[in-house]
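Architecture and fold: a report
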Amino acid sequence: MHDIRALRADPTAFDADLARRGMEPVSAQVLAWDEEKRQAQTLLQDKQTRSKTLAREIGTLKRTGGDTAELEAEGASLRADMEGLKEKVDMLGGQATALLATLPNRLDASVPAGPDESANVVQHVWGNKPEFSFAPKQHFELGEALGQMDFATAAKLSGSRFVVLRGALARLERALGQFMLDLHVNEHGYTEMQVPVLVNDDAMYGTDKLPKFADQSFRTEDGRWLVPTAEVPLTASVSGDILDAAVLPMRMTSLSQCFRSEAGASGRDVRGMLRQHQFEKVEMVSVTTPEESDAEHERMTRCAETVLEKLNIPYRRMLLCAGDTGFGAAKTFDLEAWLPGQDAWREISSCSNTCDFQARRMNARYRAQAGAAPAFVHTLNGSGLAVGRTLIAVMENYQNEDGSITVPEVLRPYMGGLARIA
């Protein structure tokens, strides 16, 4: 949600930020509703003041036996007027709130201009692409040849965009999730959390998933939502709170199932595990102060990069341009892993600073010191990493000519010492 006071103070800058995302200006409409609402509120307050005065005058007349008919008629008229004004104030406020709720976060000044991913900027590249003496295969070719990646059975059970993993590949995916959690908890200082994967409207709205992404999420018949990412319950865990500055930064991580309808993704990545309705992801969330959020963003991104470095997966960090930055983000770094089978870089992590955008929606605040007025926290979220996509990257980078897959050394303790999947 946006601060209406900031919009009033500089509507031109607000519209300019929307224009960076290719959106039309809205400040004139919002401010018109806001001005009309404030005029109605002033009139309502005047009538409420007159109503209180009138009540005292009627009381005095009744005690002295005077005629109150005229004043009571005025009182009835005032009550009708006040009811109408309350409805008008609520309607105008609701219109402004509904519009503001659909508008994306304001971009950080360092976000480059550009309409889409073609304008994203490479920040750095790590690692060397593996060289093969054979034509490398894609992950689904490797997995199906091993008999351990089964899309046909998954389709029989659930439809398209699901997979069944068996044997060593199933264990490898589990190993990746455990390895990531252990790294983030033991070396990066995150607190591991086990969170619900069913959440209510407030949790989804507060983390900017509603109303924007309703069509990309799954909803149950009793009105709850399957989480698109553990970012939702982790971040929403501080909704409505006033935190002590001493507990900040709060760093939380969770390995969870994630669910996305992939609306609008028809025809994209139809083969394999890149775009699934159900997948596992290790999520990182930070809650911090405005002064520390930029540094926390860099720190979080480095935590995600460290996973890839320990797995020896080549990657590059991308600074997303204005047209590719997500709805709730002020600034985003994407990590793209090299996939030899596709001969392409593919996103494996996205680390975003939402600044106070989510905090305003869920009223999450902190006190800098005792007695200080509460201020909104800043929230950040990042994949650390998407487990299924990391499985793909491991399979394609560690494949052998005979179709076997070498297990990265850091994962072998999680695989009972297994060095090769064949």
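Only a predicted model underlies this, so the values are computations on that prediction, with no experimental measurement involved.

What counts as what
Residues numbered from 1 in each chain as written. Predicted model: local features only at pLDDT ≥ 70, side-chain atom pairs only at ≥ 80, totals over all residues. Heavy atoms only, no water. Helix = DSSP H or I, 4+ residues; strand = E, 2+ residues; numbered from the N terminus. Buried < 20%, exposed > 50% of the residue type's maximum accessible area, 1.4 Å probe, protein only. Contact = heavy atoms within 4.5 Å. Areas by Shrake-Rupley, 256 points an atom, 1.4 Å probe, with all protein chains shown as cover. Pairing = 2+ DSSP bridges. UniProt positions renumbered as here; feature names shortened; annotations may be inferred. Polar contact = N/O pair within 3.5 Å; in protein donor to acceptor, adjacent residues only side chain to side chain. Salt bridge = Lys/Arg side-chain N within 4 Å of Asp/Glu carboxyl O. Arc of directions from axis to C-beta.

Within the protein, the regular secondary structure consists of 12 helices and 17 strands. Dimensions of the protein along its principal axes, counting C-alpha atoms only, are 105 × 45 × 40 Å. A burial count over the protein gives 48% of its 422 residues as buried. Considering only residue pairs separated by 6 or more positions, the protein has 72% of its internal contacts joining residues 24 or more positions apart. Carbon and sulfur atoms make up 48% of the accessible area of the protein, which amounts to about 19500 Å² in all.

Sheet architecture is open: 3 strands sit in the order S7-S13-S14, paired in mixed fashion. In this open sheet, the two edge strands, each paired with only one partner strand, are strand S7 (242–244) and strand S14 (375–376). Of the pairings in the sheet, the one linking strand S13 (residues 365–367) to S14 comprises 2 bridges and is antiparallel in character. Across the sheet, residue Tyr366 finds its bridge partner in S14, namely Ala375.

Here we come to the UniProt feature "binding site: L-serine" (unreviewed entry) in the protein. With numbering aligned to this structure, UniProt lists the feature "binding site: L-serine" (unreviewed entry) at Thr229, Ala230, Glu231, Arg260, Glu283, Asn381 and Ser383. By relative accessible area, Glu231 is classed as buried at 6%. With sequence-adjacent residues up to four places away left out, Glu231 is seen in contact with Thr207, Lys209, Ala236, Glu283, Val285, Gln358 and Asn381. Examined against the element boundaries, Glu283 turns out to sit in strand S9 (residues 278–288). With residues near it in sequence (within four places) discarded, Glu283 still touches Thr229, Ala230, Glu231, Leu234, Met252, Thr253, Ser254, Asn381, Gly382 and Ser383. There is a polar contact of 3.2 Å between the side chain of Glu283 and the side chain of Thr229.

So, about unusual backbone geometry. Between Leu248 and Pro249 the backbone carries a cis peptide bond, its omega angle lying at 0 degrees. Looking at the secondary structure, you find Pro249 in the loop between S7 and strand S8 (250–259). For the bond running from Gly384 to Leu385, omega is 20 degrees, close enough to zero to count as cis. Following the sequence through the fold, Leu385 ends up in strand S15 (residues 378–386). Even without being a glycine, Arg161 presents a positive backbone phi close to 65 degrees. Here Arg161 shows up in the loop between helix H6 (151–158) and strand S3 (164–165). Accessibility expressed as a relative area gives 15% for Arg161, which makes it buried. A positive phi angle is found at Asn312, which is not glycine, with a value near 60 degrees. Position of Asn312 relative to the elements: it lies in the loop between helix H10 (293–311) and strand S10 (315–319).

A full pass over the atoms with the stated rule returns 26 salt bridges. One salt bridge connects Glu305 with Arg317, and the closest N-O pair in it is separated by 2.8 Å. Of this pair, Glu305 sits in helix H10 while Arg317 sits in strand S10, placing them 12 residues apart in sequence. Of the two residues, Glu305 and Arg317, both sit in the buried class.

Along an α-helix, residues three or four positions apart point the same way, because every turn accommodates 3.6 residues. Along helix H2 (residues 11–20), the residues that are buried comprise Phe14, Asp15, Asp17 and Leu18. With its buried residues spanning 155 degrees around the axis, H2 presents them on a single face. Buried residues belonging to H2 abut helix H1 (4–9), helix H3 (27–64) and helix H4 (69–101). Looking one or two residues beyond H2, the residue adopting positive phi is Gly22, at roughly 80 degrees.

Its place among the elements puts Asp208 in the loop between helix H8 (201–206) and strand S6 (225–226). Judged by relative accessible area, Asp208 falls into the buried class, the value being 4%. A polar contact is formed between the side chain of Asp208 and the side chain of Gln358, at a distance of 3.0 Å. Those residues in contact with Asp208 that lie beyond four places of it in its chain are Phe213, Phe327, Gly328, Phe357, Gln358 and Arg361.

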